[in-house]
Amino acid sequence: MGTRALVMAAYLLLPLPLAAQETDNENPAGKVVYDRWCAGCHGTDGRGEGPGALTMLPRPRDFTRALYQVRTTGSGELPTDDDIMHVINVGMPGTAMPGWEDLLSSQEREDLVTYLKSMSRFFNSSPPPAQLEFSNAPRVSDDRIAEGAEIYEQVECSKCHGRSGRADGPSAPTQKDDSDLPIYPANLTQNWRFNGGGTVEDIYRVLRTGLDGTPMPTFSDLIDAGVITDDQLWNLAHYVRSLSPEESPRIREVITAANVGDGEGGLPTSPTDERWETVDKFYIPLVGQIVVKPRWFNPRVQNLWVQALHDSADVAMLVSWSDPSRSPNEEWAPFAQQIVEAMGPKDEGSTWAPGAPDQLVVQFPLTLPTGMERPYFLQGDARRPAYLWSWRSDHDRAVEMVARGLGTGQEQPASSQQVSAEAAWADGEWRVLFRRSLATPDSTSDLQMPRATVVPVAFQAWDGNNGEAGNQAAVSTWYFLALEEPVPVTVLITPLAAFLLTAVLGLVVVTRAQRREKEIPGRN
Amino acid sequence: MRFWPKEPFWQGVAVLVMAFLLIVFGIPYLPPLLGIPSAPIPNSVVVQYMLTALVGVLLWVSDNQTRWQQFKQPFHAVMVEERKKPIRMILLVLLPALIGFIAYGRVKPSLDAPPSFRAIHPAPPSSITFQGRTIEITGLENPLRTRGSLDDHYEEGKSIYYENCLACHGDLLDGLGHYSHGFNPTPLSFQDVGTIAQLAESFVFWRIAKGGVGLPNEGGPWNSAMPAWEEFLTEDEIWAVTIFLYEQAGKTPRTWEEHAEGGEH
């Protein structure tokens, strides 16, 4: 009998006294901290049913089941104390679970680890978990990434995560977690939202351990079975890492639309035009609309990328975002239904019905504000209306609207529609290209966009296959669109004059000083 | 003072360098000593301080004839000495180029976001209409503090907070909820000494009841994502969540007496 088995046997004999010890102590140190800071989500009893629980998906963890995702131990094993400590410290990006390192002392956090473990009898009845052996990350190279891409197809990551990693695989609409709630495969192009962290080491670890309680499997068994090597798993991890930008995107308040002039074929006319590759991309994070009824706590569109150009006559704006499906889609209808049920009709109900489309609204003020004043960020108000470009996937066109509050948009008559849109959906991504002339004939019902100005702009997006419709959308607050002009040559006159003037002045001073030096050497 | 230069010119340079370091890095340390949050010093203020320091240095060197002569010596040397010709040429190009560059920065058309001056705590109205009823804000106290059990109110406020406020203001009450990155202005932190800790509960009641849309124009009501909670909560529920905010953040509200003694929001 090995020592491990001995320890195991000892543990099997121990549960009773240990459990007795627990109940002896009515108020373990961790309980006070837990009740104050964790119970609002995880519930006083640790079952993940605190008052905040219904506003989040994934739900807060049920600690009585001892299912932990961020581990260094094998699939189905308990986490080590350090694993639990790590999650408490840094939280889980992409979920509601925050990090606590700054707020709680290390003693308090250690007490919490003990307390969380005491909520499940598994920790008492099982041997202490053994850490997996992790190798060190090999240096990334193009070859490794290329091989990783092959393995990605070979071991069928794409079944769930899709060919491009945007969670659009054929099995995606049927994924559920262990509590029978719908769950999305992670969007692999956004590593800053990975629950266990976004570095290549984090990805490798997740591939080795799996995410217990979710459909995300472990791939350690493929190594054990000799299907792939440990080194190849690293290549896969490098490939997954390469799907996301090198650095997490930064939020910039001003979206610049450069003036392309009339050279080079003018503005791109298609959303898939290659020229968009070279145009600066602006990252716009979106969050659920939780300001007016009915609220929405589970937005699918987490962010948009916006690119814009103009040619002094027209403006072209390309908005692209990850969306695993083109709504409406029969195959996704049950999934949407489950989401609607899980997120509950919170206020006065959900407005979603099967067949809901994907939608995007680009919002401007109806008239260019002179001071700070603008329309309310959710489609304006009675006093300051908003002017919208509204696109929907089922009509496949965009219309101009004027709105005085969220959802009040009135379509302008067909004769005064000026905006055009062309959309393309491929591999889990929408790309919608809007185009309009900067100045339009309907000067009272369309925003006029003079050149060289900064125009407030905001966005709203809906994923119909995620139970979204009406006010239940993903939204942003105000950003700005800057219609840039090439710097005119005349601007250079002043700096040039300043340069010459100072240069001449300097020369005069120096020559005078030198002349005087010759006349009376040594004096200054 | 082994490192202290002897020549007035270099002494002047040293004083200016020290003044710069003090202004840019030293001064921001002062407010925290008094418990006020610190902020970096704007460039225009740095320029002003540095000009003052420069005038001071010039006054000092010109105060004494020999010192003035010594001070001018390096300038003179650069202008006339054959040995210093390379420095002279470089300066003759660099200085005008610098001036030209600054001028370019001034005249270049730039498209920035319009500046936003937002009063975070504008003066509250003296009374509001709450769900069709008029409530006097001036002198208003939290009625739950003298009714029932504070623990019960805290627990009720906690449920309300986790169901409604969490996504924005965060479980740490630090304004960093998992939705906060989507909003500009960002949700306020109740841990900060500059928010609820310096407000009367009546003000907090008004802000929760009327939300961002209820702000006067100087508060930028069109930008604020703070919902108007009178649409969702009853009067007592708002008072309960107010109690939770103060208890959880470990802060005490300002009272009307303190208010009358002369502070402002």
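Please read all numbers here as calculations on a predicted model, not as lab measurements. (Residues numbered from 1 in each chain as written. Chains lettered and ligands numbered in written order. Predicted model: local features only at pLDDT ≥ 70, side-chain atom pairs only at ≥ 80, totals over all residues. Heavy atoms only, no water.)

### Side note on the side chain of A:R109
Residue and element names in this part refer to chain A. This is how it is decided: Runs of H or I in DSSP of at least four residues are treated as helices and runs of E of at least two as strands, each being numbered from the N terminus. Per-residue accessibility, obtained with a 1.4 Å probe over protein chains only, is compared with the maximum for each type, and a residue is labelled buried under 20%, exposed over 50%, and partly exposed between these values. Charge counting treats Lys and Arg as positive and Asp and Glu as negative, with His and both chain ends excluded. Each reported salt bridge corresponds to a side-chain nitrogen of Lys or Arg within 4 Å of a carboxyl oxygen of Asp or Glu. Contact criterion: two residues are considered in contact whenever any of their non-hydrogen atoms come within 4.5 Å of each other.
With respect to the secondary-structure elements, R109 resides in helix 6 (residues 106-118). The buried charged residue R109 lacks any salt bridge, with E101 as its nearest oppositely charged partner at 4.5 Å. Setting aside anything within four residues of it in sequence, one finds R109 in contact with M85, I88, N89, W100, E101 and L104.

### Here we look at the domain arrangement of chain A
Going by this rule: Domain boundaries shown here were taken from an automatic or database domain assignment.
Under the domain assignment used here, chain A contains domain 1 (3-125), domain 2 (142-242), domain 3 (254-483) and domain 4 (489-524). Using only C-alpha atoms to locate each centre, domain 3 of chain A and domain 4 of chain A end up separated by 57 Å.

### Digging into the packing of helix 8 (residues 201-210) of chain B against helix 9 (residues 235-249) of chain B
All names here are of chain B. What counts, and what does not: To define axes, lines are fitted to C-alpha atoms, for helices over the stretch in contact only, and angles between the resulting N-to-C directions are given on a 0 to 180 degree scale. Should an angle fall under 35 degrees it is called roughly parallel, over 145 degrees roughly antiparallel, and 65 to 115 degrees roughly perpendicular, with every other angle called oblique. Two helices that cross are described as forming a left-handed crossing if the nearer one is turned anticlockwise from the farther one by less than a right angle, and a right-handed crossing if clockwise. When residues are grouped by polarity, Ala, Val, Leu, Ile, Met, Phe, Trp, Tyr, Cys and Pro land in nonpolar, Asp, Glu, Lys and Arg in charged, and all others, Gly among them, in polar.
Here helix 8 crosses helix 9 at 120 degrees, and the two axes come no closer than 10 Å. In terms of their interaxial angle, helix 8 and helix 9 are classed as oblique. Between helix 8 and helix 9 the crossing geometry is right-handed. Of the residues in helix 9, those in contact with E201, S202, V204, F205, I208 and A209 of helix 8 are E235, I238, W239, V241, T242, I243, L245 and Y246. Taken together, the residues of the contact of helix 8 with helix 9 break down into 10 nonpolar, 2 polar and 2 charged.

### What about the state of the cysteines?
This is how the line gets drawn: We call a pair of cysteine sulfur atoms a disulfide whenever their separation is within 2.5 Å.
Scanning the entire structure with this criterion turns up 0 disulfides over all chains. Considering cysteine sulfurs only, A:C160 is the nearest to A:C157, which forms no disulfide, with 9.0 Å between them. B:C168 supplies the cysteine sulfur nearest to B:C165, a cysteine that is in no disulfide, at a spacing of 8.6 Å. The buried category is assigned to B:C165, whose relative accessible area is 13%.

### A few points about unusual backbone geometry
Looking along the chain, the bond that leaves A:S327 and enters A:P328 is cis, with omega of -10 degrees. For the bond running from B:N184 to B:P185, omega is 0 degrees, close enough to zero to count as cis. Relative to the helices and strands, B:P185 is located in the loop between helix 7 (166-169) and helix 8. You will see that A:A452, though not glycine, has its phi angle at about 60 degrees, which is positive. Its place among the elements puts A:A452 in the loop between strand 11 (429-437) and strand 12 (454-462). We classify A:A452 as partly exposed; its relative accessible area is 41%.

### Thoughts on the interface of chain A and chain B
Selection rule: The term buried area denotes the loss of accessible surface (1.4 Å probe radius) that occurs when two parts are joined, taken as the sum for both partners. Counted as a polar contact is a pair of N or O atoms within 3.5 Å, where, for protein atoms, one must be capable of donating a hydrogen and the other of accepting one, and residues adjacent in sequence contribute only when both atoms are in side chains.
On the side of chain B, 57 residues touch chain A, which itself brings 70 residues to the contact. Summed over both sides, the interface between chain A and chain B buries roughly 5100 Å², with carbon and sulfur atoms accounting for 66% of that surface. Between the two partners, chain A and chain B, sit 15 residue pairs in polar contact (both at pLDDT 80 or more). Those elements that place two or more of their residues in the side of chain A that touches chain B are helix 3 (29-37), helix 4 (39-42), strand 3 (287-288), strand 14 (479-483) and helix 14 (493-519) of chain A. Sort the elements by how many residues they give to the side of chain A that touches chain B and helix 14 of chain A lands first, with 13 residues.

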